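Observations on the three-dimensional arrangement
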Amino acid sequence: MVVDITGLKVAISGGFGGIGQAICKELLEQGVPCLAILDLKEDKDTLEVWKKSYPTQKIFFEYIDVAKRSVVEESIGKAKDEMGGLDAFVNCSGILQESVPELCIQVNLLGTIYTSLTAVNLMGKHKGGNGGIVVNVASVLGLKPCHPFAVYSASKHGCIGFTRSLSHEFHYNETGIAFMAVCPGLTKTKLIEYPENSGTFDYVKEEVAKVANVAGQEADICGKNIVKAMQTGKNGSISICVCGDLREAAMPDDVEG
Ligand SMILES: NC(=O)c1ccc[n+]([C@@H]2O[C@H](COP(=O)([O-])OP(=O)(O)OC[C@H]3O[C@@H](n4cnc5c(N)ncnc54)[C@H](O)[C@@H]3O)[C@@H](O)[C@H]2O)c1
């Protein structure tokens, strides 16, 4: 199945971040009629450029802090009202913050949970909506361990577990919402401009430096691949976006209990 995204009203959180901007540009290039960019801070210059480049498409900013449930509900609700509907939600907010585990979990994991729950309530067929698509930007570090960034890795494992659980056909039959996670590998954005002391413990700083020396993929190609994954509309897909490639992850389904 290929989802025709030219008719979709899309909201994206973290839309002014490195990967978020790349997703927004690709969505606008592909012709989405409405794009609500939700973030902690408005990037007025970028918004102005996009409004001039895509004059027939409605683009606007709405404040969100994904770590706060009531703010999430208000922000996505406002975006839906402003667009006259909501067909797809992309959660691309995230931080790499080992020194304050609570914050890392709050933004990366609870943020994913809050935005997803809100999107279900606003788009779900069980609530009189039309269904839709939710894309959660996780990480390859949600599929494999990462010893220098253990808290971040745990938060992203949680995102994948939550997304896969909500993609179960029991939910899908009720809501008509396809849930998918995308897992970028190292990508050149502000997120990976970490200082030496940004690992889980002081003693991992040399390991952090090693990661810092690995060349990441460009955000633009990552954004294009995320939109490509979204266009498959495949409920439950976990897509890996690494080194400019896109492929689906094989997930273990043989665990009993
Ligand atoms: N850059 C990488 O190597 C990489 C790899 C894998 C996954 N990711 C994931 O991709 C996503 C985007 O990251 P990025 O690389 O573009 O980083 P980035 O720092 O450029 O962007 C992160 C975005 O999240 C927003 N954000 C942070 N805290 C927030 C909050 N409380 N509420 C709302 N928004 C908040 C920021 O304002 C920013 O727009 C994140 O989930 C990140 O974990 C990044």
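None of the values given here were measured: they were computed from a predicted structure.

1. Re the overall build of the protein
Looking only at helices and strands, the protein has eight helices and eight strands in total. Reported as C-alpha extents along the three principal axes, the dimensions of the protein are approximately 50 × 50 × 35 Å. Sorting the 257 residues of the protein into buried and exposed places 52% on the buried side. Taking all contacts inside the protein whose residues are at least 6 apart in sequence as the whole, residues at least 24 apart take part in 71%. Carbon and sulfur atoms provide 52% of the accessible area of the protein, an area that totals close to 12,400 Å². The protein carries 24 positive and 31 negative side-chain charges, and their two centres are separated by 3 Å.

2. Here we look at helix 4 (residues 101-123)
Across its 23 residues, helix 4 extends 32 Å between first and last C-alpha, which sits within 8% of the 33 Å expected from 1.5 Å per residue. Along helix 4, the largest kink reaches about 40 degrees and is centred on leucine 110.

3. Points about helix 3 (residues 69-83)
Helix length check: helix 3, at 15 residues, gives a terminal C-alpha distance of 21 Å against a target of 21 Å (1.5 Å per residue), a fit within 8%. All of the buried residues in helix 3 are Val71, Val72, Ser75, Ile76, Gly77, Ala79 and Met83. Looking at the packing, one finds that the buried side of helix 3 touches strand 1 (9-13), strand 2 (34-39), strand 3 (58-63), strand 4 (88-91) and helix 4. At the exit of helix 3 stands glycine 84, carrying a positive phi of roughly 75 degrees.

4. Topic: the packing of aromatic side chains
A complete count under the given rule lists three aromatic pairs for this structure. Judged by centre distance (6.3 Å) and plane angle (25 degrees), the rings of phenylalanine 16 and tryptophan 50 are stacked. Taken together, the residues span a long stretch of sequence, with phenylalanine 16 in the loop between strand 1 and helix 1 (18-29) and tryptophan 50 in helix 2 (residues 44-53) at a distance of 34 residues. Judged by its relative accessible area of 5%, tryptophan 50 is buried. Aromatic rings pair up to connect Phe16, Trp50 and Phe61 into one cluster.

5. Overview of the site of the ligand
Near the ligand you find 28 residues, and of these Gly18, Asp39, Tyr152, Thr187 and Thr189 are the closest. A distance of 2.6 Å separates an oxygen atom of the ligand from a polar atom in the side chain of tyrosine 152. Within the side chain of lysine 156, a nitrogen or oxygen atom sits 2.9 Å from an oxygen atom of the ligand. Considered on its own, the ligand offers 820 Å² of accessible surface; in the complex 90% of this is hidden by protein. Residue assignment for the shell around the ligand shows that the elements contributing at least two residues are helix 1 and helix 5 (150-166). Grouping the amino acids of the shell around the ligand by side-chain chemistry returns 15 nonpolar, nine polar and four charged.

Definitions and cut-offs
Residues numbered from 1 in each chain as written. Predicted model: local features only at pLDDT ≥ 70, side-chain atom pairs only at ≥ 80, totals over all residues. Heavy atoms only, no water. Helix = DSSP H or I, 4+ residues; strand = E, 2+ residues; numbered from the N terminus. Buried < 20%, exposed > 50% of the residue type's maximum accessible area, 1.4 Å probe, protein only. Contact = heavy atoms within 4.5 Å. Areas by Shrake-Rupley, 256 points an atom, 1.4 Å probe, with all protein chains shown as cover. Lys, Arg positive; Asp, Glu negative; His and termini not counted. Charge placed at Lys NZ, Arg CZ, Asp CG, Glu CD. Expected span 1.5 Å × (residues − 1). Bend = angle between axes of the 7 residues up to and from the residue. Phe/Tyr/Trp six-rings, centres within 6.5 Å; stacked < 30°, edge-to-face > 60°. Near = heavy atom within 4 Å. Polar contact = N/O pair within 3.5 Å; in protein donor to acceptor, adjacent residues only side chain to side chain. Nonpolar A, V, L, I, M, F, W, Y, C, P; charged D, E, K, R; others polar.

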